[in-house]
Amino acid sequence: MGDEVERTAYNSTHRREYRRKVQLCLDVFEAMLAHSDFEFDRPLTGMEIECNLIGADYQPAMSNQNVLTAIADPAYQSELGRYNIEFNVPPRPLPGHSGLELEDEVRASLNAAETKANTDGTHIVTIGILPTLMPDHLDRGWMSESTRYAALNDSIFTTRGEDIVIDITGTERVSLHTSTIAPESACTSMQLHLQVAPEDFADNWNGAQVLAGPQLALGANSPYFFGHELWSETRIELFTQATDTRSDELKVQGVRPRVWFGERWITSIFDLFEENVRYFPPLLPELSDEDPLGELAAGRTPQLSELRLHNGTVYRWNRPVYDVVDGRPHLRVENRVLPSGPTVVDMLANAAFYYGMLGTLTREDRPLWTKMSFAAAQDNFLAAARRGIAARLYWPGLGEVAADELVLRRLLPMAEEGLRSWGVSAAVRDRYLGIIEGRAKTGRNGAAWQVATVRALQQSGMSRPAALAEMLKLYCQGMHSNEPVHTWEAVDT
């Protein structure tokens, strides 16, 4: 959940003054990049895990306020839907055995949260899209109590001027009109953060863009929406459409979507913030009392509240983050590519692969992104979203290659070398990259397991809704075992 706002409606004066403040913040940020001391003693990683809530019948449970009250831990917060919560994992360094320690801590925290949620008859599920979610669940009473969410919903539809169309064709097709952003709440992800020095930001962001396709191919876990089998990672297209402020005419004109892969390699973090200000009108023009220029002149660190709020409403798959902690500014790459789940160990394996690959890509003499077009990286991203681990991806020096072959032949050794360069222990490297290797060899990630299981259950005589609920039951059992998804047993028919 982003920062809360104070109002749900804004007038032309709010928007005009907000634009002025955002531009002022951008100017101050540019000056800070040239002259300020950003905090960066060592690379710090962070993680956010979005979760779904279900009842004993494996249907969505619209009870996040009750669950959060029972958990009583500030690390857990509400998300857009009343059947969503988010778990914020404290940042930590990469080296040594910290990955294994993190796995134990995340499992212990989620297990404790699950036990407390059970007192309300609710269970916590880490999955990209809840497969039992149906249109009637989002008719009314679906949104969490938050002024920010209400304002965001109203602003998107005010900007768009008409209902949103959700139309996704994959193995099957779903097509509907919606007068709210409720479908966005179906998209639950795992976000990976990496704190970097200003001079290293561009390389890390460019590297993360290169990795987006392979990440999705390995980690896809969202094949169902409203009962339909769509893309391996349907969440990508659903999130894009569910927050689209553009009419059909604006799309034809080439206006950029707010859920955005981007359009070019960058040379500085400033490129991204400047694009956000230039291309995207404000959705939440909330004004602060801060004078950022005055704060900087006085030797203090400005919060740049308007710029940060605006940045939070442009949904890049790799988002730039400016933040201030204890009076010190820092920069992060927020990787938003991956879905939640299936297990904690699978999510840690995804994280290890990502950080390891970045460690190698950003140290190469001739960066990989200088050998491929930006369009090729975006094509990889969309191909992986559609077909998951069965996708074919472009890679410099190899051409178009099967995702599993790319991982086994080229990327795993790069991830291994990157983790070693970070000082990550051999035990951590072996555990998590071994899981990535297992997925590539078996061709089974979360999406592949879900689809195979539902198809088998339907072949045994179950209806689609019953098969989805039964699959989710089996999924939850696997999730709690913490055995990686590629080792889960297939369903007997």
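The rules behind these values
Residues numbered from 1 in each chain as written. Predicted model: local features only at pLDDT ≥ 70, side-chain atom pairs only at ≥ 80, totals over all residues. Heavy atoms only, no water. Salt bridge = Lys/Arg side-chain N within 4 Å of Asp/Glu carboxyl O. Buried < 20%, exposed > 50% of the residue type's maximum accessible area, 1.4 Å probe, protein only. 1 Å grid on protein atoms, 1.4 Å probe; cavity = no way out; pocket = protein on both sides within 12 Å on 5 of 7 lines; lining within 4 Å. Points joined across faces, edges and corners; volume = space filled by probe spheres on them. Helix = DSSP H or I, 4+ residues; strand = E, 2+ residues; numbered from the N terminus. Nonpolar A, V, L, I, M, F, W, Y, C, P; charged D, E, K, R; others polar. Expected span 1.5 Å × (residues − 1). Polar contact = N/O pair within 3.5 Å; in protein donor to acceptor, adjacent residues only side chain to side chain. Core = buried A, V, L, I, M, F, W, Y, C linked by side-chain atoms within 4.5 Å. Contact = heavy atoms within 4.5 Å.

1. Concerning the pattern of salt bridges
Side chains that differ in sign of charge can pair as their charged atoms come close.
Move 1: Taken as a whole and judged by the stated rule, the model has 29 salt bridges.
Move 2: Arg256 is the partner of Glu263 in a salt bridge, and the nearest nitrogen-oxygen pair spans 3.0 Å.
Move 3: By relative accessible area, which is 25% here, Arg256 ends up partly exposed.
Move 4: Residue Glu400 pairs with Arg392 through a salt bridge whose shortest N-O separation is 3.1 Å.
Move 5: Connected via shared salt-bridge partners are Asp244, Arg246, Asp248 and Lys251.

2. Concerning the layout of surface pockets
Move 1: Within this model, the second largest pocket holds a volume of roughly 340 Å³.
Move 2: Lining the second largest pocket are 21 residues; nearest its centre among them are Glu237, Thr240, Arg246, Pro257 and Val259.
Move 3: At the level of secondary structure, the elements contributing two or more residues to the lining of the second largest pocket comprise strand S5 (164–169), helix H6 (234–242), strand S10 (259–260) and helix H12 (374–387).
Move 4: In terms of residue count, the dominant contributor to the lining of the second largest pocket is H6 (four residues).
Move 5: Tallied by class, residues from the lining of the second largest pocket come to ten nonpolar, four polar and seven charged.

3. Things to note about helix H1 (residues 12–35)
Move 1: The end-to-end C-alpha separation of H1 is 35 Å, in line with the 34 Å expected for 24 residues at 1.5 Å each.
Move 2: Three or more residues of H1 are buried, namely His14, Tyr18, Lys21, Val22, Leu24, Cys25, Leu26, Val28, Phe29 and Met32.
Move 3: Residue Asn11 occupies the N-cap position of H1, its side-chain oxygen lying 3.0 Å from the main-chain nitrogen of Thr13.

4. Looking at the nonpolar core
Move 1: In this structure, Phe29, Met47, Tyr76, Phe225, Tyr322 and Tyr475 are the most contacted members of the largest nonpolar core, which totals 155 residues.
Move 2: It is helix H11 (residues 344–361) that contributes the most residues to this core, 13 residues altogether.
Move 3: Once residues lying within four places of it in the same chain are set aside, the contact partners of Phe225 are Ile129, Leu133, Ile166, Val174, Pro183, Ala186, Leu230, Thr234 and Leu238.

5. Quick notes on empty space enclosed by the protein
Move 1: The final tally for this structure, using the stated rule, is three cavities of 30 Å³ or more.
Move 2: Within this model, the largest cavity holds a volume of roughly 210 Å³.
Move 3: What lines the largest cavity is a set of 19 residues, among which Leu94, Gly99, Leu102, Leu348 and Tyr355 lie closest to the centre.
Move 4: A per-class count over the lining of the largest cavity returns 14 nonpolar, four polar and one charged.
Move 5: The space that makes up the second largest cavity amounts to roughly 150 Å³.
Move 6: Around the second largest cavity, the lining residues are Arg107, Leu110, Asn111, Glu114, Ile124, Thr126, Thr343, Val344, Met479, His480 and Asn482.
Move 7: Elements represented by at least two residues in the lining of the second largest cavity include exactly helix H3 (98–118) and helix H16 (464–481).
Move 8: Considering every element that reaches the lining of the second largest cavity, the biggest residue donor is H3, with four residues.

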